[in-house]
Amino acid sequence: MKVKDHSVSQETFQLVENKEFGFLETQPKPDLKYLPKYYESEDYISHTDTKRNLFEKLYHLVRNIALRQKLNLINTFSSSSKTLLDFGCGTGDFLETAKQKHWNVTGIEPNEQARRIANTKTNHSVFNTDALQKLKANSFDVITLWHVLEHVPDLEAKLKIFKTLLKPNGTLVIAVPNYKSYDATYYKSFWAAYDVPRHLWHFNKNAISKLMDKYHLKLTTTKPMWFDAFYVSLLSEKYKSGKMNPLKGIWIGLRSNLKAIRSKNASSLIYIIKNQ
């Protein structure tokens, strides 16, 4: 499938299946030194904290609800030390929420602007990607990647590091879009969650399971992210028709969620993965 970068460059990329694991790869992958330019947009809300219009205000309202849900989830995996690493933490809202509930938090964020904002919320607990190599092995109860794994250029190298940093029986929590969802099938190349070339990989449940098995990490549970179907469908409708069509976007998001009740293929999925 050919997919256009609708939000920044207007360039076209291809999605090609990885034969070993079954996920899709964005090709050609941008050179690492040019990759940051594809994030240079005020529309990239997770890096800016902007609330310029109703769409962005709704995004932040939903995000606040999601933050509480994410906290409730990781609380079920905590030990007495409550150590959390949030990789790709953006502007630090999840870390701030966890810190308020007595988690010992560390964040990694490559974007300088987002990292600066995050550090104002976390008492300077957020670092550039290089710091990942300096963290102590077997030191985290929970490592989270909230819509981040699809952005990571060196995918397998990072999984090796996460495996090392987790405590025995620690938990890796990964949230990513699911290209087997109804809204992905409906919108095809206009599906906003393909988000090429910022999204380098596009996952489904089988692909995640195979990938984790390679590093002796065990996928135990998946959970739906119900709000994502609406957000993604609204953006997809804009890409497809050239204008906001909120009623149609909400309808497709609702249909996607209703179908996911039976198929378990929500627009985005949270994968709960245990260190073996």
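Please read all numbers here as calculations on a predicted model, not as lab measurements.

A.B. asks: Sorry, what's going on with the nonpolar core here?
C.D. replies: Looking at soluble globular proteins, one finds that nonpolar side chains tend to be buried together. I143, L145, L149, L172, F203, M212 and I273 are the most contacted members of the largest nonpolar core, which has 37 residues in total. For this core, the element with the highest residue contribution is helix α4 (residues 155-165), accounting for five residues. Among the nonpolar cores identified, the runner-up in size contains 21 residues, and L73, A98, A118 and I270 belong to it.

A.B. asks: What's the story with empty space enclosed by the protein in this structure? I'm lost.
C.D. replies: Empty space left among the atoms is revealed by rolling a probe the size of a water molecule over them. Applying the stated rule across the entire model yields two cavities of 30 Å³ or more. Residue lining of the largest cavity: V3, K4, D5, H6, W191, A192, Y194, D195, V196, R198 and Y239, and that is the complete set. Of the residues that constitute the lining of the largest cavity, the class distribution is six nonpolar, one polar and four charged. Each pocket or cavity is described by its volume, and for the second largest cavity that value is around 40 Å³. Taken together, E150, P177, N178, Y179, W191, A193, H199, W201, H202 and F203 make up the full set of residues lining the second largest cavity. A per-class count over the lining of the second largest cavity returns six nonpolar, three polar and one charged.

A.B. asks: Help me understand the sheet that holds strand β7 (residues 140-146), please; the structure alone is not making it clear to me.
C.D. replies: Sheets are built from strands that pair by backbone hydrogen bonding, the pairs being arranged parallel or antiparallel. The seven strands lie next to each other as β6-β5-β4-β7-β8-β11-β10, forming an open sheet whose pairing is mixed. Edge strands, defined here as strands with exactly one partner in the open sheet, are β6 (126-127) and β10 (217-224). Here strand β8 (residues 166-177) pairs with strand β11 (residues 268-275) via seven bridges, running antiparallel. Looking across to β11, one finds that L172 is bridged to I273.

A.B. asks: Help me understand the packing of α4 against helix α6 (residues 205-214), please; the structure alone is not making it clear to me.
C.D. replies: In contact at an axis separation of 10 Å, α4 and α6 are set at 60° when each is read in the N-to-C sense. One element, α4, and the other, α6, form an angle in the oblique class. When the axes of α4 and α6 are compared, the crossing they make is right-handed. Contact with α4, carried on its side by L155, E156 and L159, involves L211, M212 and K214 of α6 and no other residues of that element. Taken together, the residues of the contact of α4 with α6 break down into four nonpolar, no polar and two charged.

A.B. asks: Mind showing me how you'd approach the packing of aromatic side chains here?
C.D. replies: Under the definition given, this model contains nine aromatic pairs. Measuring from ring centre to ring centre gives 4.8 Å for W191 and Y194, while their planes differ by 85°; the resulting arrangement is edge-to-face. What makes W191 buried here is its relative accessible area of 2%. Accessibility expressed as a relative area gives 3% for Y194, which makes it buried.

A.B. asks: How should the sheet that holds strand β1 (residues 2-4) be read in this particular structure?
C.D. replies: Read from one edge of the open sheet, four strands run β1-β2-β3-β9, paired in antiparallel fashion. Either end of the sheet is taken by a strand with one partner, and the two such strands are β1 and β9 (201-202). Across four bridges, the pairing between strand β2 (residues 12-17) and strand β3 (residues 24-27) is antiparallel. Across the sheet, the residue bridging to L15 is T26, located in β3.

A.B. asks: How should I be thinking about the environment of H102 in this particular structure?
C.D. replies: Secondary-structure assignment places H102 in the loop between α2 (93-100) and β5 (104-108). Classification of H102 by relative accessible area gives exposed; the value is 64%. Spatially, the C-alpha atom of H102 lies 9.5 Å from that of T83, the residues being 19 residues apart in sequence.

A.B. asks: Explanation requested: unusual backbone geometry in the structure shown.
C.D. replies: Across residues other than glycine, the phi torsion is negative in most instances, and most of the peptide bonds are trans. Residue P28 is bonded to the preceding Q27 through a cis peptide linkage, with omega at -5°. Checked against the element boundaries, P28 lands in the loop between β3 and α1 (54-75). Residue P197 is bonded to the preceding V196 through a cis peptide linkage, with omega at -5°. Turning to its location among the elements, P197 is positioned in the loop between α5 (182-187) and β9.

A.B. asks: Just to check I follow, could you spell out α2 for this structure?
C.D. replies: Three or four residues apart is the spacing at which side chains of an α-helix point the same way, because the helix has 3.6 residues per turn. If you check which residues of α2 are buried, you get D93, F94, L95, T97 and A98. Just past α2, the residue H102 takes up positive phi, approximately 75°.

A.B. asks: I keep staring at the environment of H147 and nothing clicks. Help me out?
C.D. replies: Turning to its location among the elements, H147 is positioned in the loop between β7 and α4. Classification of H147 by relative accessible area gives partly exposed; the value is 24%. Placed 64 residues apart in sequence, H147 and L211 show a C-alpha to C-alpha distance of 17 Å. When residues no more than four places from it in sequence are discounted, the contact partners of H147 are A175, V176, P177, M225, D228 and S268.

Cut-offs used in this document
Residues numbered from 1 in each chain as written. Predicted model: local features only at pLDDT ≥ 70, side-chain atom pairs only at ≥ 80, totals over all residues. Heavy atoms only, no water. Core = buried A, V, L, I, M, F, W, Y, C linked by side-chain atoms within 4.5 Å. Buried < 20%, exposed > 50% of the residue type's maximum accessible area, 1.4 Å probe, protein only. Helix = DSSP H or I, 4+ residues; strand = E, 2+ residues; numbered from the N terminus. 1 Å grid on protein atoms, 1.4 Å probe; cavity = no way out; pocket = protein on both sides within 12 Å on 5 of 7 lines; lining within 4 Å. Points joined across faces, edges and corners; volume = space filled by probe spheres on them. Nonpolar A, V, L, I, M, F, W, Y, C, P; charged D, E, K, R; others polar. Pairing = 2+ DSSP bridges. Axes fitted to C-alpha atoms, helices over the stretch in contact; angles between N-to-C directions. Parallel < 35°, antiparallel > 145°, perpendicular 65-115°, else oblique. Left-handed = near helix turned anticlockwise from the far one by under 90°. Contact = heavy atoms within 4.5 Å. Phe/Tyr/Trp six-rings, centres within 6.5 Å; stacked < 30°, edge-to-face > 60°.

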